[in-house]
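Coordinate inspection notes
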Amino acid sequence: MNREVTLPLIVDDRGTLQVAAADVSKLLRTVGGRWVRLVEGGESGLDEDTVAELAIELAKLADRIDVACIAHSSGTAT
């Protein structure tokens with residue numbers, strides 16, 4: 001399954017970025033990691049396979065954000 005996700009940048013009236021992409025990618029990885037730790041800790045009601053897949057997808061999205069930012073800052077963004 002390959003779904004594209006577009007995350008608009010949040011800017012103010014002057015064009016100042018309000019949410020750094022690095023913070024968003026860090027948040028995605030943190031959420032996925034916490035889910036995995038909950039499962040590892042025996043949290044009931046969580047399906048291990050589902051949590052693992054969700055954590056992987058969040059990490060992939062974080063990677064795509066990071067790559068897009070690197071491409072943009074290096075002038076190679078399309």
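Computed from a prediction, not measured in an experiment: that's the story for all the values here.

Rules of the game
Each chain carries its own residue numbering, running from 1 in the direction its sequence is written. The model is predicted, so local features are restricted to residues of pLDDT at least 70 and side-chain atom pairs to those at 80 or more, both for listing and for counting; the totals for chains, interfaces and linings are taken over all residues. Hydrogens and water molecules were not included; the side-chain quantities draw on all heavy atoms of the structure. Any carboxyl oxygen of Asp or Glu that lies within 4 Å of a side-chain nitrogen of Lys or Arg is treated as forming a salt bridge with it. Only DSSP runs of H or I reaching four residues or more are called helices, and only runs of E reaching two or more are called strands; each is numbered from the N terminus. To sort residues, take the accessible area from a 1.4 Å probe on protein chains only and compare it with the maximum for the residue type: under 20% means buried, over 50% means exposed, and anything in between is partly exposed. A helix is expected to span 1.5 Å for every residue after the first. Note on contacts: a residue pair is in contact if any heavy atoms of the two residues lie within 4.5 Å. Patches draw on residues past 30% relative accessible area with no salt bridge. Two like charges within 9 Å are joined, as are two nonpolar side chains (Val, Leu, Ile, Met, Phe, Trp, Tyr) within 5 Å. Here the Shrake-Rupley method, with its probe set to 1.4 Å, supplies the accessible areas, and only the displayed protein chains count as covering residues.

Our next topic: the pattern of salt bridges. Applying the stated criterion to the full structure yields three salt bridges. Put simply, Arg29 and Asp63 hold a salt bridge, and the shortest N to O gap is 2.4 Å. Taken together, the residues span a long stretch of sequence, with Arg29 in helix α1 (residues 21–40) and Asp63 in helix α2 (residues 48–74) at a distance of 34 residues. The exposure class of Arg29 is partly exposed, given its relative accessible area of 33%.

Below, the discussion takes up α2. The end-to-end C-alpha distance of α2 is 39 Å, a good match for the 39 Å that 27 residues give at a rise of 1.5 Å each. Each element contacted by the buried residues of α2 is listed here: α1. Of the residues flanking the end of α2, it is Gly75, one or two places downstream, whose phi is positive at about 85°.

This part is about a nonpolar patch on the surface. Residues Trp35, Leu38, Leu46 and Leu54 make up a contiguous nonpolar surface patch of about 330 Å² in total accessible area. In this structure, Leu54 sits in helix α2. Look at Leu54 and you get partly exposed, because its relative accessible area is 42%.

Spatial relationships are all this shows, so hold off on functional conclusions.
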